Amino acid sequence: MEPPPSRFQSCLDFCPECGAVLPRPGPRDAVCCARCAFALDVADFDGRAVRTAVQFNRPELAAPRPPEPAPGLDGPVVERRCPRCGHDGMAYRTRQTRSADEGQTVFYTCARCKFQEKEDS
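About the thresholds
- Residues numbered from 1 in each chain as written.
- Predicted model: local features only at pLDDT ≥ 70, side-chain atom pairs only at ≥ 80, totals over all residues.
- Heavy atoms only, no water.
- Helix = DSSP H or I, 4+ residues; strand = E, 2+ residues; numbered from the N terminus.
- Buried < 20%, exposed > 50% of the residue type's maximum accessible area, 1.4 Å probe, protein only.
- Contact = heavy atoms within 4.5 Å.
- Areas by Shrake-Rupley, 256 points an atom, 1.4 Å probe, with all protein chains shown as cover.
- Pairing = 2+ DSSP bridges.
- Axes fitted to C-alpha atoms, helices over the stretch in contact; angles between N-to-C directions.
- Core = buried A, V, L, I, M, F, W, Y, C linked by side-chain atoms within 4.5 Å.
- Phe/Tyr/Trp six-rings, centres within 6.5 Å; stacked < 30°, edge-to-face > 60°.
- Lys NZ or Arg CZ within 6 Å of the ring centre and 35° of its normal.
- Patch = residues over 30% accessible without salt bridge, like charges linked within 9 Å, V, L, I, M, F, W, Y side chains within 5 Å.
- Salt bridge = Lys/Arg side-chain N within 4 Å of Asp/Glu carboxyl O.
- Lys, Arg positive; Asp, Glu negative; His and termini not counted.
- Charge placed at Lys NZ, Arg CZ, Asp CG, Glu CD.

From N to C terminus, the chain includes zero helices and six strands. Each helix and strand of the chain, placed in order from N terminus to C terminus, yields the pattern β-β-β-β-β-β. For the chain, the proportion of its 121 residues judged to be buried stands at 17%. Contacts in the chain between residues far apart in sequence, at least 24 positions, make up 18% of those at least 6 positions apart. Roughly 9,900 Å² of accessible area belongs to the chain as shown, and the carbon and sulfur atoms make up 52% of that amount.

Below you can see the structure in the form of structure tokens.
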């Protein structure tokens, strides 16, 4: 009995049944599609050259790095008055310093004088 005709017209890089990329031939007698289990005889690949290339992006085309945070500031800046210098801008970060059923501790750092304070919630 002859197998049904292929659903795809493709080269040997793709499975003729489901269109998935076929693995490269190995030591086995057949190349099997990982998606639909279709098998091709390894002899079908005789005389074909397999070429691969790796292309790296140029560094100048890479995505720009985010700006460095101001030295000494951890976290976003919020409108909070510094008790030492009166500046309206403090960075904050949170940490779980006590048991899990208690609130987090919020650490504030003044953007101007670098004064630090903490608030337990």
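With that settled, consider the sheet that holds strand S5 (residues 105-110). What the four strands build is an open sheet, ordered S3-S4-S5-S6; its pairing is antiparallel. Each end of this open sheet is capped by a strand with a single partner; those strands are strand S3 (77-81) and strand S6 (116-120). Each strand of the sheet is rotated relative to its neighbour by a mean of 40 degrees, with strand direction disregarded.

So, on to the nonpolar core. Ranked by size, the top nonpolar core spans eight residues in total: Cys15, Cys18, Ala20, Leu22, Val31, Cys33, Leu40 and Phe45. Counting residues in each nonpolar core, the second largest holds five residues, with Cys82, Met90, Val106 and Cys110 among its members.

On inspection of all chains with the given rule, the structure shows one aromatic pair. Look at Tyr92 and Tyr108: their rings are 6.4 Å apart centre to centre, the planes differ by 45 degrees, and that puts the pair in the tilted class. Of this pair, Tyr92 sits in strand S4 (residues 88-95) while Tyr108 sits in strand S5, placing them 16 residues apart in sequence. With a relative accessible area of 30%, Tyr92 lands in the partly exposed category. Here Arg80 stacks its cationic end above the ring of Tyr108, 3.9 Å away from the centre of that ring. The side chain of Arg93 reaches across the aromatic face of Phe107, ending 4.9 Å from its centre.

The subject of this paragraph is a negative patch on the surface. Judged by side-chain charge, Asp29, Asp41, Asp44 and Asp46 come together as a negatively charged surface patch. Following the sequence through the fold, Asp29 ends up in the segment before strand S1 (30-32). With a relative accessible area of 66%, Asp29 lands in the exposed category.

What follows covers the pattern of salt bridges. Following the criterion strictly, the structure yields four salt bridges and no others. For Glu117, the salt bridge is made with Arg80, and the minimal N-O distance between the two is 3.2 Å. One end of the pair, Glu117, is in strand S6; the other, Arg80, is in strand S3, with 37 residues separating them in the sequence. Looking at Glu117, the relative accessible area reads 21%, which means it is partly exposed. A salt bridge links Arg81 to Asp88, with the shortest nitrogen-to-oxygen separation between them at 3.4 Å. In this structure Arg81 comes out as exposed when scored by relative accessible area, which is 54%. The exposure class assigned to Asp88 is partly exposed, which follows from its relative accessible area of 46%.

Limitation: the analysis is restricted to geometry and does not speak to function.
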